[in-house]
Every structure is written in C-alpha cells, then in structure tokens.
Amino acid sequence: MTVIIATYDYSAVLRHAVRSVLAQTYTTFELLVVGDACSDDSGEVVASFADPRVEWINREENAGTQAGPNNTGLERAAGKYVAYLGHDDLWHPWHLEALVGAAERTGAGWVHGLVELIGPPGSRRKLLGNLYPGLRPPGRWVPPTSVMHRTDAARELRWRHYEDAEDPPDVDFFDRLQREVGPPVRVPALTSFKFVATWRPNCYRDRPDAEQAALLRRMERDPRFLRREAASLLFHRLSPFHGKLPPPPEKPAGAGRGWLTVHARRVRGLD
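What you see is a predicted model, and the numbers here were worked out from it, not measured in a lab. (Residues numbered from 1 in each chain as written. Predicted model: local features only at pLDDT ≥ 70, side-chain atom pairs only at ≥ 80, totals over all residues. Heavy atoms only, no water.)

Requested: an account of helix 1 (residues 11-22), with residues and values cited.
One full turn of an α-helix is made of 3.6 residues, so residues set three or four places apart face in the same direction. Here helix 1 spans 16 Å end to end across 12 residues, near enough to the 16 Å set by a 1.5 Å rise per residue. Of the residues making up helix 1, those classed as buried are Ser11, Ala12, Val13, Leu14, His16, Ala17, Val18, Ser20 and Val21. In the core, the buried residues of helix 1 are packed alongside strand 1 (2-7), strand 2 (30-35), helix 2 (42-47), strand 5 (90-91) and helix 8 (210-221). (Helix = DSSP H or I, 4+ residues; strand = E, 2+ residues; numbered from the N terminus. Expected span 1.5 Å × (residues − 1). Buried < 20%, exposed > 50% of the residue type's maximum accessible area, 1.4 Å probe, protein only. Contact = heavy atoms within 4.5 Å.)

An account of the pattern of salt bridges is needed here, citing residue identities and associated values.
Enumeration according to the criterion identifies 19 salt bridges in this entry. Residue Asp152 pairs with Arg150 through a salt bridge whose shortest N-O separation is 3.1 Å. Judged by relative accessible area, Asp152 falls into the exposed class, the value being 59%. Residue class for Arg150 comes out partly exposed when judged on its relative accessible area of 25%. Three or more residues joined by partner-sharing salt bridges are found here, namely Glu116, Arg125, Arg218 and Glu229. (Salt bridge = Lys/Arg side-chain N within 4 Å of Asp/Glu carboxyl O.)

Break down the environment of Thr28 for me, with residues and values.
Looking at where Thr28 falls in the secondary structure, it is placed in the loop between helix 1 and strand 2. The exposure class assigned to Thr28 is exposed, which follows from its relative accessible area of 56%. In this structure the C-alpha to C-alpha distance between Thr28 and Arg207, which are 179 residues apart in sequence, comes to 31 Å.

In structure tokens, the structure reads:
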C-alpha cells in the first residue's frame, strides 16, 4: 500500500495529516509526502516523525496543482494500491483498513469511502459519498482524500495539469480511471474529513491549523468519535442556526480550460 500526500508550503497542517496516516490500524504502507517545490520547513516536519515508512520527496519544479506531486508519487509507488490524502485533510484510523478490505473482497479497480466536507467555523458540514454502488456519473466530484485505487490501473493514466483538461485534475483523473476499470465501489463508512480550502479564503497565505488540530485530538481521545460526528452532521443539516456553505463559482464568460483551478488558487491565496 502506498499513500501519497501532495503538499505545498503549508507545514502547519501537513504535520496533522501525516499523524493521521501513522495512526492507521492498517500498518503495512509506505507514505510518500511529495512537495511541489516547497520552500518552507515541510521537509523538516516530515523528518521529525522518524518513521521508516515515511519518505519526503520535493519536486524541483512547481506544477501549481496536485497533478504534479501525484504523478511523482505514482512513479515511485511500490504498493499494490494507492490512496491519497490532502495535506490539510485527515483520516480516521480505520480508513485504510476499510478501503483495502473492500478492494480485496470485490476486486474493484478503485474504491472510496464517505467523506465529511467541513466548512469554516459557524458554517454547515456535509456528508459526501453515494451509498449506492455503480452510480457515479462522469463529472461527479469524488474528493481524492476518500479514494484508493490499484496502482497498476492508474500508473499509465497519469494526472493531467489543469490547463490540459476540460475538468479539474481530480475529476478528469477519476473519469478516465472509471472508463479504464469501471465504477468505484463505495464503502459505507465515514473515515475521511476534508477541510475544503476554497471555503477558507487566503488559507495558504495565513496557514491556520487550529481546526485540523482540534479534530485530530477528538479522534485520538474520544472512543465514540464517529457516533458523535454522525450526530453532528445530522444537526448541521437540520439546524437553522448554521450558515450555508459557499455556493460553487459560476464559470465566467469566455473562460477556458483550468478556470476553476485558477479561481481556487486565487481564493486560497496562492495567486
């Protein structure tokens, strides 16, 4: 099993992501943390864990998208499967065990679990991941943080740069993977937690990590964490006291390929 974390100059959250990987109940993995030409202390943060399963790779050229680091990770991957984790996201300790188990039982080329999309404090939360098998239509977003696929099924596909595809790199990659190996198997378990960067303006400039740190502490200390989180998701869905999540951006007139990624980079404070 190979885990890939693509990262760029945001070591504050990276340390929490790595920690959630090292807490997995499925322990037979290599973790490739791939920097997109990072210039901060991300390498030192990764080295501080002193775990032989963890490798730091820093690309010489910045791709400006997860596609570059993910391709570097795919080239180096030695495991039968590849799983992705966003550098500002977290996994529950059962994540890899649940996904590997589903892939081994079904022989599926790729699987994904349920993922909680977490808005900024005061906003709503959302559960993403259709529970019914075989229904992912082309173009439907599945967060990479919730996905695992066979390495041999995807190494030749490669991730495409946002300027080379009609859709964002993750949607484009999973559409092509689905055409290659069929629809994903959905694992009905909430095991991944995504802090959506485009809902947090200038997060790459300000580099906060309090939300990730707090959720990771809860996962580590509360044996009933998943039960409480499910109840919290229901409350957020029904409560009139929580603000709405930001709407998806509208495509500007005359916008070309990669416009959504360019928009996201601007919101996150990268451009």
